[in-house]
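Fold and contact review
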Number of protein chains: 2
Amino acid sequence: MDEIKNSGTRIAPRTLSGFMELLPAPQQQMERIMETLRTTYARYGFTPLDTPIIESTDVLLAKGGGETEKQVYRFQKGDADLSLRFDLTVPLAKYVALHYGDLAFPFRRYQIGKVYRGERAQRGRFREFYQADIDIIGDGKLDIVSEAEIPSIIYRTFTALGLRRFQIRVNNRKILNGFYAMQGLSEKSGDIMRTVDKLDKIGAEKVGALLRDELELSADQAKEILAFIAIRGTNAEVIAALEGYSGKNELFDLGLDELKTVVRYLGAFGVPETNFAVDLTIARGLDYYTGTVYETTLLDHPEIGSVCSGGRYDNLAEYYTDKQLPGVGISIGLTRLFYVLGEQGMLSESMLTAPADILIIPMTEDMTAAVSLATDLRDAGVRTQLYTEQKKFKAKMNYADKLGIPYVIFLGEDEINAGVIACKDMQSGEQTTLNFEETLNRIRAGLAEKNAGAVIVEK
Amino acid sequence: MDEIKNSGTRIAPRTLSGFMELLPAPQQQMERIMETLRTTYARYGFTPLDTPIIESTDVLLAKGGGETEKQVYRFQKGDADLSLRFDLTVPLAKYVALHYGDLAFPFRRYQIGKVYRGERAQRGRFREFYQADIDIIGDGKLDIVSEAEIPSIIYRTFTALGLRRFQIRVNNRKILNGFYAMQGLSEKSGDIMRTVDKLDKIGAEKVGALLRDELELSADQAKEILAFIAIRGTNAEVIAALEGYSGKNELFDLGLDELKTVVRYLGAFGVPETNFAVDLTIARGLDYYTGTVYETTLLDHPEIGSVCSGGRYDNLAEYYTDKQLPGVGISIGLTRLFYVLGEQGMLSESMLTAPADILIIPMTEDMTAAVSLATDLRDAGVRTQLYTEQKKFKAKMNYADKLGIPYVIFLGEDEINAGVIACKDMQSGEQTTLNFEETLNRIRAGLAEKNAGAVIVEK
């Protein structure tokens, strides 16, 4: 690589395409979302992890193959062959295998971190993006209750963010694999699932044609499959329809039992049926999943696909250890979700995004009193800025306006001598002159109101 | 690079040397520290930023040259010459230059993020590490008050973390440059400062010898410099001694005025003199700084050097824009600080690091009641885990013990029928049987007590 020349000429500042770099106001919205995720995940007993972004390539690509490998950012540094992580699951597998003896199982962790994929740059696709993952890893075994708990956490997270019109769609791979075994199609089940996955895009007729022509299924087999995935209705209705297939295949029966258990516990976990549906068309592409699988769609925006997906797997870390580590997890593609919410106008316009709740404008040359007031307000927990630049009064007010700072305090000789504070509510225009405690109470009450809304708004 | 082979053999899981990967308990301590930083910085009116870890190499190395460039992780991806950021200052400069029109000035931002330097691996040195930066950027000008505000934020941050025995040492480059100009040594001032910087390590005598022998200063000049940097005492005493030099050089006088202003405002910002000292030996290596400079030392561990450094600069983004962007900032090397605190045994052993406050152990086969109780506790804001694995009772208690979960709830038929909860305080061993509200109140009171301590403890 060439040496970088520094000839004294300027370099045009720019951010790489496919990399999200937010202005301060939207960054505040993103921070609010991340904080909500951290708080909710912690409330469900998950511990935060933070693994390196760079790993040895042989560790990161132990599984090998696939589309992902082509997209990996991989490079040499000295003798080392290094790669940037492309998801948070492989680092988790490495972590659990490496630190197995130090962990207590079931091991519940969340991780919110950046991952890297050198995809072709296009609008809404990111090369650096946040994933927010939760997983529960068992040692040898993992009880089915966890498979109901995981979607309940997503329900809590999404409602805490302000979303209501979403649906967590649930299926069970054992049901699918058992059903295909009944039809004598076990060996083609992977191909069939990939074909069925196109149902939403191309419709039932074309899926049927593909099943017959490309996968060489009989007309009867294709018909059976289309009938199966056409099962619709309330969760109780879908389960009732599935009962009609029971007793013919052990795996199917086991999967149906699991699905019934998951549906039953989801109620106790506080998830209303409106936010959750058994959907036999959900398969998840990866062979990795072996039990319950999840996808989450925004009801008003089905076109953007699943915003949160995952499922149950039997063997997290088989490339690193002979320990059997089954688990269940789900992942939110946070950067893409944030982008889509912005595009759809679903990020709150009323949420405070200012860097401060109060701007103090000193009206005296010596700023000691203003500095002391700022210190007192900060000690009281209020986010406070002090405007100390020599500018015209109007420029100072413009600063507060441009940032959306909700309260401005003017502190002149008169106020200092009288021990009072002149404070303007920038939204209502109302100005009060009160003592410190009264001013603080007024601001706190106002902030509680202004901060009451959620970061995501549905129209 | 070779294709990664996946021959079915296992890859030994490992983490790269120089990359910190924490176990869950210390990770909780690290999270607590980061949360304290975020909260404190926000309280001072700083807005969070999150810039990409990867930048175009020509942007990142626009300044060029220096030791840093050799350490950069740099690689090709397709046609692009890319590098991982090695600090948060260059990305800030790029950000401000790029988004200048969208920002309000003074622009106050904090950023806590990973940076990368391919240093030689050695104990306590990291190739991936967090920096936690705050900066205030002016547009054309920036008032001196900001130079007092920055160390006051560090004071608040460190005290919030539990540190008391630290000192923020402050100097002003204008005083140093002015003093050297008085001695007719302006052209050698950079070399002299680098030599004087060795004072703590090699002592005054050897510094004197280096000044005479290597920098070819006269005996008088060397004596003057040693006398100057030997000025000690309270801040008032040091300033009084500096007044003795005033009236001879304009830059010196300006620097002394600035220093006096900074010292005066620091009191109003709530910083006690015990945590803050004027120290004429502080210069900071970089020519970049033009006014107040800071270093922060732990009084009981001077050997680890400065844990938080920074200063005033006149031209943040000169490589990207002709806009004059003066600023002042300070940076905590968070990963190294965390490592050192751990080595010194200064991370609290009593701080709760468990993933949950409560573990519910269901004593019935059907777990609906336990799931409902977990849901109610989570709704009440308590971090709750549900233990659903089929294990012996002792194994379940060991799980709570190993993780340090402070409360365990047993929920059997008797409790469910009576509408009560059996709850054990794992530390005191005390067990209560109370209704939901009473149990919640007891746990909340206990948690408030257990969470009262700071994450850092001094011995």
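One can find the structure itself at the top, above this paragraph.
When its secondary structure is counted, chain A shows 16 helices and 16 strands. Principal axes of the C-alpha set define a box for chain A whose edges measure 90 × 60 × 45 Å. Evaluated residue by residue, chain A yields a buried proportion of 59% over its 459 residues. Long-range pairs, those at least 24 residues apart, make up 68% of the contacts in chain A between residues at least 6 apart in sequence. Looking at charge distribution, chain A has the averaged site of its 54 positive side-chain charges lying 4 Å from that of its 65 negative ones.

Moving on, we get to the interface of chain B and chain A. In this assembly, 114 residues from chain B lie in contact with 114 residues from chain A. Roughly 9,800 Å² is buried in total at the junction of chain B and chain A, and carbon and sulfur atoms are behind 55% of that figure. There are 12 salt bridges connecting chain B and chain A. Where chain B packs against chain A, one counts 52 residue pairs in polar contact (both at pLDDT 80 or more). The dominant element in the side of chain B that touches chain A, judged by the number of residues it contributes, is helix 1 (residues 24–43) of chain B, at 7 residues. Counted by class, the side of chain B that touches chain A contains 53 nonpolar, 25 polar and 36 charged residues.

Our focus in this paragraph is the sheet that holds strand 15 (residues 421–425) of chain B. Residue and element names in this part refer to chain B. An order of 13-12-14-15-16 is seen for the 5 strands of this open sheet, with the pairing classed as mixed. The strands lining the two open edges of the sheet, one partner per strand, are strand 13 (384–386) and strand 16 (431–434). On average, each strand axis in the sheet is inclined to that of its neighbour by 25°, with strand direction left out of account. Sheet topology places strand 15 next to strand 16; 4 bridges connect them, and they run antiparallel. Bridging across to strand 16, Cys-423 finds its partner in Thr-432.

There are two copies of the chain, and a rotation about an axis plus a shift along that axis relates them. In screw terms, the move from chain B to chain A is a rotation of 180° and a rise of 0.0 Å along the axis, fitting with an RMSD of 0.0 Å. Accordingly, the operation relating the two chain copies is best matched by a two-fold axis. Using C-alpha coordinates, one finds that chain B approaches the rotation axis most closely at B:Phe75, a distance of 3.0 Å.

Before going further, it helps to examine unusual backbone geometry. Leaving glycine aside, a negative phi is the common case for residues, and trans is the common case for peptide bonds. The peptide bond linking A:Phe105 to A:Pro106 adopts the cis configuration, its omega dihedral lying at 0°. Relative to the elements of secondary structure, A:Pro106 occurs in the loop between helix 4 (89–98) and strand 5 (107–116). One non-glycine residue with positive phi stands out, namely B:Glu216, at about 55°. Mapped onto the fold, B:Glu216 is located in the loop between helix 9 (204–213) and helix 10 (219–229).

Right, let's talk about the side chain of A:Asn249 for a bit. Residues and elements named next belong to chain A. In this structure, Asn-249 sits in the loop between helix 10 (235–243) and helix 11 (250–268). Residue Asn-249 is classed as buried on the basis of its relative accessible area of 16%. For Asn-249, the side chain forms a polar contact with the main-chain nitrogen of Leu-251, separated by 2.9 Å.

Within soluble globular proteins, side chains that are nonpolar tend to cluster in buried spots. If you look at the biggest cluster of nonpolar residues, it comprises 107 residues, and the most contacted ones within it are A:Phe228, A:Leu242 and A:Ile332. A:Ile332 has contacts with A:Leu37, A:Tyr41, A:Tyr130, A:Gln131, A:Ala132, A:Ile154, A:Phe158, A:Val307, A:Cys308 and A:Leu337, leaving out every residue within four places of it along the chain. In terms of nonpolar packing, the next biggest core, distinct from the first, is built from 106 residues, B:Tyr130, B:Ile168, B:Leu256 and B:Met346 among them.

Let us now look at the pairing of strand 10 (residues 308–313) of chain B. Along any regular strand the residues' side chains alternate between the sheet's two faces. Residues and elements named next belong to chain B. For strand 10, the tally of buried residues reaches 6 of 6 residues, placing the bulk of the element in the interior. By the bridge criterion, 3 bridges tie strand 9 (residues 289–298) to strand 10 in an arrangement that is antiparallel. Note that in strand 10 the partner of Val-293 across the bridge is Gly-311. Inspection of the sheet shows strand 10 paired to strand 11 (residues 327–333) by 6 bridges, in the antiparallel sense. Bridge pairing in strand 11 links Gly-310 to Ile-330.

Attention now moves to the packing of aromatic side chains. What characterises a pair of aromatic rings is the spacing of the ring centres plus the angle enclosed by the ring planes. In this structure the tally under the stated criterion is 35 aromatic pairs over all chains. When the ring of A:Tyr155 is compared with that of A:Phe166, the centres are 6.1 Å apart and the planes differ by 40°; the resulting orientation is tilted. One end of the pair, A:Tyr155, is in helix 5 (residues 145–161); the other, A:Phe166, is in strand 7 (residues 166–172), and 11 residues separate them in sequence. No difference in accessibility class separates A:Tyr155 from A:Phe166, as the two residues are buried. Here the aromatic rings of B:Phe179 and B:Tyr245 are separated by 5.6 Å at their centres, their planes lie at 80°, and the arrangement is edge-to-face. Of this pair, B:Phe179 sits in helix 6 (residues 173–182) while B:Tyr245 sits in the loop between helix 11 (235–243) and helix 12 (250–268); the two residues are 66 residues apart in sequence, bridging distant segments of the chain. Judged by relative accessible area, which is 0%, B:Phe179 ranks as buried. Within the aromatic cluster, the residues linked to one another by ring pairs are A:Tyr73, A:Phe75, A:Tyr116, B:Tyr73, B:Phe75 and B:Tyr116. Sitting over the ring of A:Tyr73, B:Lys77 keeps its end group 5.1 Å from the ring centre. Here B:Arg264 stacks its cationic end above the ring of B:Tyr265, 4.7 Å away from the centre of that ring.

All names here are of chain B. A rise of 1.5 Å per residue sets the reference length of helix 5 (residues 145–161), with its 17 residues, at 24 Å; its end C-alpha atoms lie 25 Å apart and thus fit the reference within 8%. Judged by how many residues are buried, helix 5 sits mostly within the fold: 16 of 17 residues are covered. Looking one or two residues past helix 5, Gly-162 carries a phi angle of roughly 110°, positive in sign.

Glancing now at the packing of helix 5 of chain B against helix 12 of chain B. All names here are of chain B. Relative orientation of the contacting elements helix 5 and helix 12 amounts to 45°, with a least axis distance of 8 Å. The pairing of helix 5 with helix 12 is recorded here as oblique in orientation. The interaxial crossing formed by helix 5 with helix 12 has right-handed handedness. The segment helix 5 lies against helix 12, with Val-145, Glu-147, Ala-148, Pro-151 and Ser-152 engaging Glu-258, Val-262, Tyr-265 and Leu-266.

Here the focus is the pattern of salt bridges. Tallied over the entire structure, the rule returns 48 salt bridges over all chains. Note that A:Asp300 is salt-bridged to A:Arg165, the shortest N-O span being 3.0 Å. Residue A:Asp300 is located in the loop between strand 9 (289–298) and strand 10 (308–313), and its partner A:Arg165 is located in the loop between helix 5 and strand 7; the two are separated by 135 residues in the primary sequence. On the basis of relative accessibility, which here comes to 39%, the residue A:Arg165 falls in the partly exposed class. Salt bridges linked by common partners bring A:Glu21, B:Glu55 and B:Lys94 together as one network.

Residues and elements named next belong to chain A. Read from one edge of the open sheet, 8 strands run 1-5-6-11-10-9-7-8, paired in mixed fashion. Each end of this open sheet is capped by a strand with a single partner; those strands are strand 1 (47–48) and strand 8 (276–278). Of the strand pairs in this sheet, strand 6 (residues 128–137) and strand 11 (residues 327–333) are connected by 7 bridges, and their pairing is antiparallel. Pairing of Asp-133 across the sheet is with Ser-331, part of strand 11.

Basis of the calculations
- Residues numbered from 1 in each chain as written.
- Chains lettered and ligands numbered in written order.
- Predicted model: local features only at pLDDT ≥ 70, side-chain atom pairs only at ≥ 80, totals over all residues.
- Heavy atoms only, no water.
- Helix = DSSP H or I, 4+ residues; strand = E, 2+ residues; numbered from the N terminus.
- Buried < 20%, exposed > 50% of the residue type's maximum accessible area, 1.4 Å probe, protein only.
- Contact = heavy atoms within 4.5 Å.
- Lys, Arg positive; Asp, Glu negative; His and termini not counted.
- Charge placed at Lys NZ, Arg CZ, Asp CG, Glu CD.
- Buried area = accessible area lost by both parts, 1.4 Å probe.
- Salt bridge = Lys/Arg side-chain N within 4 Å of Asp/Glu carboxyl O.
- Polar contact = N/O pair within 3.5 Å; in protein donor to acceptor, adjacent residues only side chain to side chain.
- Nonpolar A, V, L, I, M, F, W, Y, C, P; charged D, E, K, R; others polar.
- Pairing = 2+ DSSP bridges.
- Axes fitted to C-alpha atoms, helices over the stretch in contact; angles between N-to-C directions.
- Least-squares fit on C-alpha atoms with pLDDT ≥ 70 in both.
- Core = buried A, V, L, I, M, F, W, Y, C linked by side-chain atoms within 4.5 Å.
- Phe/Tyr/Trp six-rings, centres within 6.5 Å; stacked < 30°, edge-to-face > 60°.
- Lys NZ or Arg CZ within 6 Å of the ring centre and 35° of its normal.
- Expected span 1.5 Å × (residues − 1).
- Parallel < 35°, antiparallel > 145°, perpendicular 65-115°, else oblique.
- Left-handed = near helix turned anticlockwise from the far one by under 90°.

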